[in-house]
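# Remarks on the overall topology
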Amino acid sequence: MGVLEEAHNLKVVGTGTQVLVLAHGFGTDQSVWKHLVPHLLDDFKVILYDNMGAGTTNPDYFDFDRYSTLEGFAYDLLAILEELQVQSCVLVGHSVSGMVGAIASISRPDLFSKIILLSASPRYLNDVDYYGGFEREDLNQLFEAMQSNYKAWCSGFAPLAIGGDMDSVAVQEFSRTLFNMRPDIALCVAQTIFQSDMRHILHLVTVPCHILQSGKDLAVPVVVSEYLHNHLTGESIVEVVSTDGHLPQLSSPDIWIPVLLRHIRHDIII
């Protein structure tokens, strides 16, 4: 196994010919796709990997400078596709990985037949004529809470992000993967994500994008989906599903697995 495979815990499963890449968001790892993967094995060659900084990755590989921008994660994605000699894929990018995929597609549109943006946002901070959902003070408090007592922050943030019962299996699972991250790395990644602004690159994204999200999401207001739809240059479609939470593939799999499969299997009809 090469350094890249080891660093990202790369896995390739499934007997299909079409390549599907599953890329997770902040605070999780590839296990967030556990409800979806079994439905893909017959029809797709599925690539799973962990973003650098996830609790399942070796913290010695985490470069604080490289991952101070989303481009660092996009370079990783492109390196993984190159390593596996992928010529074209469908990318399902959850949360930050949606924007990471969009960035990667600008330099290599040929590699992506389409991108499924699940709970993705180009900017989390509110701005003039833009509603991202967070004020600067909200983010300052979030970062301070992470620094002062990371375990306590995880316990409080997980149910808010999942949107549901504090005792639910999904909350417990997200709490586990959040807490697995080294606190200083988690803070670095959170600052990179929550302070990012990718609005200026959206017009450069030409590959088709399927924009999917929960109707109620702590991190991504519904208006963000419409913003993406209006500013991406390539064909795009929006579907908002009446569920709670930022990780619907984990918390509402019965509803979301059919939705994801439909968008994976069917292209936008122009």
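The shown structure was predicted, so the numbers you read here are calculated from the model rather than taken from an experiment.

### Focus on the overall build of the chain
When its secondary structure is counted, the chain shows 10 helices and seven strands. Computed over its C-alpha atoms, the radius of gyration of the chain comes to 17 Å, within 12% of the 18 Å expected for a compact globule of 270 residues. Summarising its shape, the C-alpha atoms of the chain cover approximately 45 × 45 × 35 Å along the three principal directions. Relative to its full complement of 270 residues, the chain shows a buried share of 56%.

### Thoughts on the sheet that holds strand β1 (residues 11-13)
Read across the open sheet, the seven strands follow the order β1-β3-β2-β4-β5-β6-β7; overall the sheet is mixed. Bordering the open sheet on either side are β1 and β7 (236-244), each of which pairs with just one other strand. Averaged over all pairs of adjacent strands, the angle between strand axes in this sheet comes to 20°, irrespective of strand direction. Where strand β2 (residues 18-23) meets strand β3 (residues 44-49), six bridges bridge the pair, whose relative direction is parallel. The partner of alanine 23 across the bridge, within β3, is tyrosine 49.

### Concerning a negative patch on the surface
The grouping of Glu135, Glu137, Asp138 and Glu144 at the surface amounts to a negative patch. Structurally, the position occupied by glutamate 144 is in helix α4 (residues 136-148).

Calculation rules
Residues numbered from 1 in each chain as written. Predicted model: local features only at pLDDT ≥ 70, side-chain atom pairs only at ≥ 80, totals over all residues. Heavy atoms only, no water. Helix = DSSP H or I, 4+ residues; strand = E, 2+ residues; numbered from the N terminus. Rg over C-alpha atoms; globule rule 2.2 N^0.38 Å. Buried < 20%, exposed > 50% of the residue type's maximum accessible area, 1.4 Å probe, protein only. Pairing = 2+ DSSP bridges. Axes fitted to C-alpha atoms, helices over the stretch in contact; angles between N-to-C directions. Patch = residues over 30% accessible without salt bridge, like charges linked within 9 Å, V, L, I, M, F, W, Y side chains within 5 Å. Areas by Shrake-Rupley, 256 points an atom, 1.4 Å probe, with all protein chains shown as cover. Salt bridge = Lys/Arg side-chain N within 4 Å of Asp/Glu carboxyl O. Lys, Arg positive; Asp, Glu negative; His and termini not counted. Charge placed at Lys NZ, Arg CZ, Asp CG, Glu CD.

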